[in-house]
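One-letter residues, chain by chain:
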Amino acid sequence: MTHNIVFNSTDHPDGEMINLACGYISLNEINFINEKITVNVESRTGEVAFYDSEGNKLLTAMAKTPQSGDEKFSEIKCSAKGNQIKLGFPHYSYKDNYPHCDGEHDRWTKTVSGFSFLCFDITNNCIVE
């Protein structure tokens, strides 16, 4: 199963934080409708694949998953400008709420403390630094 997401760069010119499926379902398909590119992001492994409008695989890449906490991506920052798609993979920090919690479900507060960006050049089908 796949979690399908639509991103419209016209509606969000400065980008948008998008929640990812990261539980039983962890494969996310982000359709960049204006750029006619689909990006698959596997939230537990960090695998990323770019596809054209006909479904042909253009490129694959890896994003380093968090090495602490729940070790998966819960969200991603998406933006598109010119001929580039920019994916922001979060770095997380965790706050321990013990003893002021009701159990494990609210023991930790997870916040985004920064990003590692992966930029895809649509014209040249490559990752740019």
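Placed above this text is the structure.
A short tour of the structure in this document, coming up. (Residues numbered from 1 in each chain as written. Predicted model: local features only at pLDDT ≥ 70, side-chain atom pairs only at ≥ 80, totals over all residues. Heavy atoms only, no water.)

## What about the sheet that holds strand β8 (residues 84-96)?
Sheet strands pair via backbone hydrogen bonds, and the direction of the pair is either parallel or antiparallel. To be explicit about the condition: By the convention used here, strands pair only if DSSP detects at least 2 bridges between them. Helix numbers and strand numbers start at the N terminus; a helix is a DSSP run of H or I with at least 4 residues, a strand a run of E with at least 2. With axes taken as lines fitted to C-alpha atoms, and helix axes fitted only over the stretch in contact, angles between N-to-C directions fall between 0 and 180 degrees.
Read across the sheet, five strands follow the order β2-β7-β8-β9-β10 without closing on themselves; strand pairing throughout is antiparallel. Every other strand in the sheet has two partners, leaving β2 (16-19) and β10 (126-128) as the edge strands with one partner each. The mean inter-strand angle of the sheet, taken between neighbouring strand axes irrespective of direction, is 35°. As defined by bridge partners, strand β9 (residues 108-121) adjoins β10 across three bridges and the pair is classed as antiparallel.

## Structural notes on the layout of surface pockets
As a reminder of what qualifies: Every definition here rests on a 1 Å grid over the protein atoms only: cavities are sets of points where a 1.4 Å probe fits but cannot get out, pockets are open sets enclosed by protein on both sides within 12 Å along at least five of seven lines, and lining residues have some atom within 4 Å of a point. Grid points are joined across faces, edges and corners, and a volume is the space filled by probe spheres set on the points. Polarity classes work like this: nonpolar for Ala, Val, Leu, Ile, Met, Phe, Trp, Tyr, Cys and Pro, charged for Asp, Glu, Lys and Arg, and polar for all others, with Gly in that last group.
There is about 220 Å³ of room inside the largest pocket. Along its surface, the largest pocket is lined by 16 residues, and Lys64, Phe73, Pro90, His91 and Ser116 are the ones closest to its centre. Of all elements in the fold, only β8 and β9 reach the threshold of two or more residues within the lining of the largest pocket. The biggest single contributor to the lining of the largest pocket is β8, with five residues. Of the residues that constitute the lining of the largest pocket, the class distribution is ten nonpolar, five polar and one charged.

## Details of the packing of aromatic side chains
To be explicit about the condition: In this scheme Phe, Tyr and Trp rings, the latter by its six-membered ring, pair at centre separations within 6.5 Å, and the angle between planes marks the pair as stacked below 30 degrees, edge-to-face above 60, and tilted otherwise. Think of it in three bands: residues with accessible area under 20% of the maximum for their type are buried, residues over 50% are exposed, and the middle band is partly exposed, with areas taken using a 1.4 Å probe on protein chains only. In this scheme, the term charge over a ring applies when either NZ of a lysine or CZ of an arginine sits within 6 Å of the ring centre and within 35 degrees of the ring normal.
One pass over the full model with this rule turns up four aromatic pairs. For the ring pair phenylalanine 50 and phenylalanine 120, a centre distance of 4.2 Å and an interplane angle of 10° mean the geometry is stacked. With phenylalanine 50 in strand β5 (residues 47-51) and phenylalanine 120 in strand β9, this residue pair connects regions lying 70 residues apart in the sequence. Summarising the aromatic geometry, the rings of phenylalanine 115 and phenylalanine 117 are spaced 5.6 Å apart at their centres and angled 35° between planes, so their arrangement reads as tilted. Under the relative-accessibility criterion, phenylalanine 117 is labelled partly exposed at 43%. Geometry around tyrosine 92 places lysine 110 over its ring, the cationic atom sitting 4.1 Å from the centre.

Note that all results are geometric; they support no functional claim without further evidence.
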